[in-house]
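What the coordinates show
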Amino acid sequence: MNLSVQIGKLKLQNPVMVASGTFGYGVEYARLIDLNQLGAVVVKGIRLEPVRGNPTPRTVEVASGLINAIGLQGPGVDGFIKKYWPFLKGLKVPTIINIWGTTIEEYAEVARRFDALGGVGALELNVSCPNIKKGGAQFGTDVKLLAKVVAACRKATTLPLITKMSPNVMSIAPYAKAAADAGSDALAIMNSYPAMAIDIETRKPKLANVTGGLTGPCIKPIAIKLVWEAANAVKIPIIGMGGIQNAADAIEFMMAGATAVAVGTANFYEPQTVLQVITGIREFMQRQDIKDVREITGSVRTAE
Amino acid sequence: MLEQTVQIVSNERDTDSYFRLVVRAPQITPLIQPGQFAHIRVPTMKDALLRRPFSIFQVRDDTFSILYKTVGKGTDALARLGAGEELSVIAPLGHGFTIPKPGGETPLLVAGGYGMAALYLLAQRSPQKGIAFVGGRRRMDILCEKEVRALDWDVRVTTEDGSHGEKGLVTQPLVAELRRNAAHRKVFACGPTPMLEAVGKIAEEFNVPAELSMDEHMCCGVGVCLTCVIPVKTGDGWEYQRTCTEGPVFDSQRIVWEEMK
């Protein structure tokens, strides 16, 4: 049985990774699960300088989901390399580093820094965070800017590039094409969906940032549709994510067109989810007599 | 820190809307330090996904307990569970209280409402007895008074409505006591944030060290999501630190109260 998949030149032992921002820098979960079982570890978004993040409250639980507005708190490139890289480089599975910037030049510079570091599995370009004023979704919801960011990073590194897409667009196809044409090796679909919640007693927004990004099982059908549309538009692999709680959810993403998947919000409440998904995919393949996990990708029968 | 499925030994109403939950967790109990918490997945919450954090109250043999108030979806669902049912628990979590050294400072505990739940183990494990200031709105909100007295501690109760103990806020008898004698004493507190801020300022005024257990809305409980942060002083400024990992217990002098508004 083959579970391995390919993202650009990066080979993963299985198609199950974690979503950036839901897994810290890997080390936090190392005492609860064996990280070497994963397809890859994906770390929280890093820009050049340390980032303080938004005031609290930063998250709020909603029906079958979570709205967050963390504001990409992080240690910056140097802080990350000093604090977290010694642990991550010792893992047997690749580390994918999620990067962002407030300017195109900063994205490219961060890409260059991680290219020079050596040993990084891939870079994921965060052009879709809804919770920061400059950077993030500003780049992912403008097709020309998106192409420029991806092209600039493409020039800066030979590492595989994954573009993490915003769901907040009329049609994802032109964005998917723009990223692919600019040299992205893969797409990660999707980031959180812009959202808001209000406390009716105080009439105040439940997040200090007023709005945030919605994640968790409630966004899964939206993400499935976006993966399916993007898969019909581009040939590069897609990493599907949005509300995956079990293997069935992951398989659904793959049938819609995803080559790999990422577990996100579920890590917060059940850290074993990612391992359960891997086991469940294997069981499904056995039951359905599937020899290669890649056979599942794009196998939805829409034409019939 | 372990993630385990544990069995409920008992889950009973204490007073009013307060409950005590006891679970059997033989691998977790030896690891527990005062002030640490357990992150519990309540299996019957339907569309509410997240775990709920609770201070660990008591440890007895291979069991530990939590003391909780029914305040919302999670605690309501938890209150409906009974003996024999199972829960997924990640524990013990967080950075707890510093247990006083033998012959060291006399501990002064300050608890607001069920804040006493986080302080009981410290009272039990402290080599020297101290004074526990326990405050609440009404008589019903004063928890485990007898149990702390049973440890031979001096317990001083205040209620806002005067229905039990001295009438007023828990900080009043604390100030009176520190005025009497502040030397060689250390404050440990858990309760609502405004109470903690007041306690922190009182400790500073009397030049007494204080450790505060901060209650900030939590999500993952293990340090990845960065939900539960509070502003904490660093060398030349401040940064957001995690209540679940660097805390919940912080040295009160490091908390930047003016950034918490």
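Residues numbered from 1 in each chain as written. Chains lettered and ligands numbered in written order. Predicted model: local features only at pLDDT ≥ 70, side-chain atom pairs only at ≥ 80, totals over all residues.

What about the overall build of chain B?
Scanning chain B from N- to C-terminus turns up five helices and 16 strands. The dimensions of chain B, computed from C-alpha atoms along their principal axes, are 50 × 45 × 35 Å. A total of 261 residues make up chain B; the buried ones form 47% of that total. Sequence separation of 24 or more characterises 60% of the internal contacts of chain B that already satisfy a separation of 6 or more. (Helix = DSSP H or I, 4+ residues; strand = E, 2+ residues; numbered from the N terminus. Buried ≥ 20, exposed ≤ 12 C-beta atoms within 10 Å, placed from the backbone. Contact = placed C-beta atoms within 7 Å.)

Regarding the nonpolar core
If you look at the biggest cluster of nonpolar residues, it comprises 189 residues, and the most contacted ones within it are Leu123, Cys153, Leu187, Val227 and Val261 of chain A together with Val199 of chain B. Considering every element that reaches this core, the biggest residue donor is helix 2 (residues 116-125) of chain B, with eight residues. Two domains share this core, each providing at least three of its residues, namely domain 1 (2-93) and domain 2 (106-259) of chain B. (Core = buried A, V, L, I, M, F, W, Y, C linked by C-beta atoms within 7 Å. Domains from an automatic or database assignment.)

Observations regarding the domain arrangement of chain B
Residue and element names in this part refer to chain B. Once the domains are mapped, chain B shows domain 1 (2-93) and domain 2 (106-259). Each of domain 1 and domain 2 has a C-alpha centre, and the two are 22 Å apart. Opposite the 22 residues of domain 1 that make contact, domain 2 presents 17 residues. Considering only residue class, the side of domain 1 that touches domain 2 consists of 13 nonpolar, five polar and four charged. (Nonpolar A, V, L, I, M, F, W, Y, C, P; charged D, E, K, R; others polar.)

A few points about the interface of chain B and chain A
Between chain B and chain A, the residue contacts involve 21 residues of the former and 23 residues of the latter. Residue classes in the side of chain B that touches chain A are distributed as 12 nonpolar, three polar and six charged.

Some points on helix 2 of chain B
Burial analysis of helix 2 of chain B places eight of its 10 residues in the buried class, which makes it a mostly covered element. Within helix 2 of chain B the residues assigned to the buried category are Met116, Ala117, Ala118, Leu119, Tyr120, Leu121, Leu122 and Ala123 of chain B.

Regarding the sheet that holds strand 11 (residues 193-196) of chain A
All names here are of chain A. Pairing in this open sheet of four strands is antiparallel, and the strands run 5-6-14-11 from one edge to the other. The sheet is open, and its two edges are formed by strand 5 (59-62) and strand 11, each paired on a single side. Here the average twist between neighbouring strands, direction ignored, is 40 degrees. Here strand 11 pairs with strand 14 (residues 211-215) via four bridges, running antiparallel. Looking at strand 14, one finds that Ala195 is bridged to Gly212. (Pairing = 2+ DSSP bridges. Axes fitted to C-alpha atoms, helices over the stretch in contact; angles between N-to-C directions.)

Quick notes on the environment of Ala250 of chain A
Residues and elements named next belong to chain A. Looking at where Ala250 falls in the secondary structure, it is placed in helix 8 (residues 247-256). Ala250 gets classed as buried once you count the C-beta atoms within 10 Å, which come to 29. Each C-alpha atom of the pair Ala250 and Val277 lies 7.1 Å from the other, and the pair is 27 residues apart in sequence.

Focus on the packing of helix 4 (residues 171-180) of chain B against helix 5 (residues 193-205) of chain B
Packed helix pairs are specified by the crossing angle of their axes together with the interaxial distance, meaning the distance between the axes. Residues and elements named next belong to chain B. With their axes 11 Å apart at the nearest point, helix 4 and helix 5 run at an angle of 10 degrees to one another. Here helix 4 is positioned roughly parallel relative to helix 5, judged by the angle of their axes. Along the contact surface, helix 4 presents Thr171, Leu174, Val175 and Leu178, while helix 5 presents Ala198, Val199 and Ile202. (Parallel < 35°, antiparallel > 145°, perpendicular 65-115°, else oblique.)

Focus on the sheet that holds strand 5 (residues 58-60) of chain B
All names here are of chain B. Overall, antiparallel pairing links the seven strands, which are arranged 4-3-7-1-2-6-5 in an open sheet. Across the chains shown, the open sheet's two edge strands, defined by having one partner strand only, are strand 4 (52-55) and strand 5. Each strand axis lies, on average, 35 degrees off the axis of its neighbour in the sheet, ignoring direction. In the packing of helix 2 onto the sheet, contacts are made with strand 4, strand 5 and strand 6 (63-69), and the angle to strand 5 comes to roughly 50 degrees.

Considerations on the pairing of strand 10 (residues 154-159) of chain B
Here strand 9 (residues 131-136) of chain B pairs with strand 10 of chain B via six bridges, running parallel. Of the residues in strand 10 of chain B, the one forming a bridge with Gly136 of chain B is Thr159 of chain B.

Points about the packing of helix 5 (residues 143-156) of chain A against helix 6 (residues 173-181) of chain A
All names here are of chain A. Put simply, helix 5 and helix 6 touch, their axes get as near as 8 Å, and they point 25 degrees apart. The angle between the axes of helix 5 and helix 6 places the two elements in the roughly parallel class. Relative to helix 6, helix 5 is oriented so that their crossing is right-handed. Taken together, the residues of helix 6 that come into contact with helix 5 (itself represented by Val143, Leu146, Ala147 and Val150) are Pro174, Tyr175, Ala178, Ala179 and Asp181. Its residues assigned to classes, the contact of helix 5 with helix 6 comprises eight nonpolar, no polar and one charged. (Left-handed = near helix turned anticlockwise from the far one by under 90°.)

Notes on the confidence of the model for chain B
Where the model shows low pLDDT, its predicted coordinates should not be examined in detail. Mean pLDDT over chain B: 95, with 100% of residues reaching 70 or higher. This complex was scored by the predictor with a pTM of 0.94 and an ipTM of 0.93. (pLDDT = per-residue confidence, 0-100.)

Focus on unusual backbone geometry
All names here are of chain A. Cis geometry is found at the peptide bond from Thr56 to Pro57, where omega equals 0 degrees. Positionally, Pro57 belongs in the loop between strand 4 (41-46) and strand 5. The step from Ile189 to Met190 runs through a cis peptide bond, and the omega angle for that step is 15 degrees. Position of Met190 relative to the elements: it lies in the loop between strand 10 (186-189) and strand 11. Of note, the phi angle at Val210 is positive, near 70 degrees, even though the residue is not glycine.

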